[in-house]
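Each chain, written out:
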Amino acid sequence: MVTKQFKGSPEEADLRRADSLAREIFSDVANKWALLIIEALGERTLRFSELRNDVEGISHKMLTQNLRMLERYGLVERKVYATVPPRVEYTLTEPGQALRATVDGMCGWTHQYLGHIEASRRRFDA
């Protein structure tokens, strides 16, 4: 895996540039499964199976891939307990909690404008 490197100040991170690390992060984190995982975790600590039950429709593979990505970016902490079978728990880190505030805003926006969007889609599709 090739990882883009960022040299400079955060103010110089340009999402519009194809070679931008900020754009890579944005692209990875702004997918539907990552956002739903962040929302499901909230302020809780959950096991893998609990997350899978909370995020309807997510496959084992997609949950695993997204949890690894979120852990890699430091948004989720993974804690493994030395039990048989192994117990693994996931919780949001401080940056993950900060991102959750944005996700909560998007969820609120969706609820607020759901009727408008639904009506617009019907008009467009007609």
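For every chain, the first residue of the written sequence is number 1, and numbering continues from 1 along that sequence. Given that the model is predicted, a residue must reach a pLDDT of at least 70 before its local features are reported, and side-chain atom pairs must reach 80 or more before they are shown or counted; all residues, however, enter totals for whole chains, interfaces and linings. For the side-chain quantities, the full set of heavy atoms in the structure was used; hydrogens and water were omitted.

Peer 1: Summarise the layout of surface pockets; cite the residues concerned and give the values.
Peer 2: One number sums up the size of the largest pocket: a volume of about 210 Å³. Working definition: helices are DSSP H or I runs of at least four residues, strands are E runs of at least two. Numbering for both runs from the N terminus. Every element with two or more residues in the lining of the largest pocket is listed here: helix 1 (21-29) and helix 5 (94-125). For the lining of the largest pocket, a count of residues per class yields 10 nonpolar, 1 polar and no charged. The way it works is a 1 Å grid over only the protein atoms, where trapped points that fit a 1.4 Å probe form a cavity and open points with protein on both sides within 12 Å along at least five of seven lines form a pocket, and then any residue with an atom within 4 Å of a point lines it. Grid points are joined across faces, edges and corners, and a volume is the space filled by probe spheres set on the points. Amino acids outside the nonpolar list (Ala, Val, Leu, Ile, Met, Phe, Trp, Tyr, Cys, Pro) and the charged list (Asp, Glu, Lys, Arg) are all regarded as polar, and Gly is one of them.

Peer 1: How would you summarise the pairing of strand 2 (residues 76-81) if you had to cite specific residues and measurements?
Peer 2: Pairing between strand 2 and strand 3 (residues 87-92): 6 bridges, direction antiparallel. Paired with Lys79 across the bridge in strand 3 is Glu89. Linking two consecutive strands that pair antiparallel, namely strand 2 and strand 3, is a turn of 5 residues. Two strands pair if DSSP finds at least two bridges between them.

Peer 1: Explain the nonpolar core to me, using residue names and the numbers behind them.
Peer 2: Ranked by internal contacts, the top residues of the largest apolar core, which has 23 residues, are Ile37, Leu41, Leu51, Leu67, Leu70 and Tyr90. Elements supplying a minimum of two residues to this core: helix 2 (32-41), helix 3 (48-54), helix 4 (60-72) and strand 3. When residues in this core are grouped by element, the largest group, 7 residues, is from helix 2. Any two residues having at least one pair of non-hydrogen atoms within 4.5 Å are treated as being in contact. If we skip the residues at most four places from it in the chain, Leu51 touches Ile37, Ala40, Leu41, Leu46, Leu63, Leu67 and Tyr90. Buried Ala, Val, Leu, Ile, Met, Phe, Trp, Tyr and Cys residues that are joined via side-chain atoms within 4.5 Å together make up what is termed a nonpolar core. Exposed residues in this analysis have more than 50% of their type's maximum accessible area, buried residues have under 20%, and partly exposed residues fall in between, with area computed by a 1.4 Å probe over protein chains only.

Peer 1: Just give me the short version of the packing of aromatic side chains, but keep the residues and values in it.
Peer 2: The pairing test for Phe, Tyr and Trp rings, Trp by its six-membered ring, is centres within 6.5 Å, and the orientation test on the planes gives stacked under 30 degrees, edge-to-face over 60, and tilted for anything in between. With the rule as written, the count across this model stands at 1 aromatic pair. Between Trp109 and Tyr113 the ring centres are 6.0 Å apart and the planes differ by 45 degrees, which places this aromatic pair in the tilted class. Taken together, the positions of Trp109 and Tyr113, both in helix 5 and 4 residues apart, correspond to about one turn of that helix. Look at Trp109 and you get partly exposed, because its relative accessible area is 48%.

Peer 1: Describe helix 5, listing the residues and the values that go with them.
Peer 2: To get the bend at a given residue, fit one axis to the seven residues ending there, fit another to the seven starting there, and take the angle between those axes. Of all the bends in helix 5, the greatest, near 60 degrees, is centred on Tyr113. Along helix 5, the residues that are buried comprise Gly96, Arg100 and Val103. At its buried positions, helix 5 is contacted by helix 2 and strand 3.

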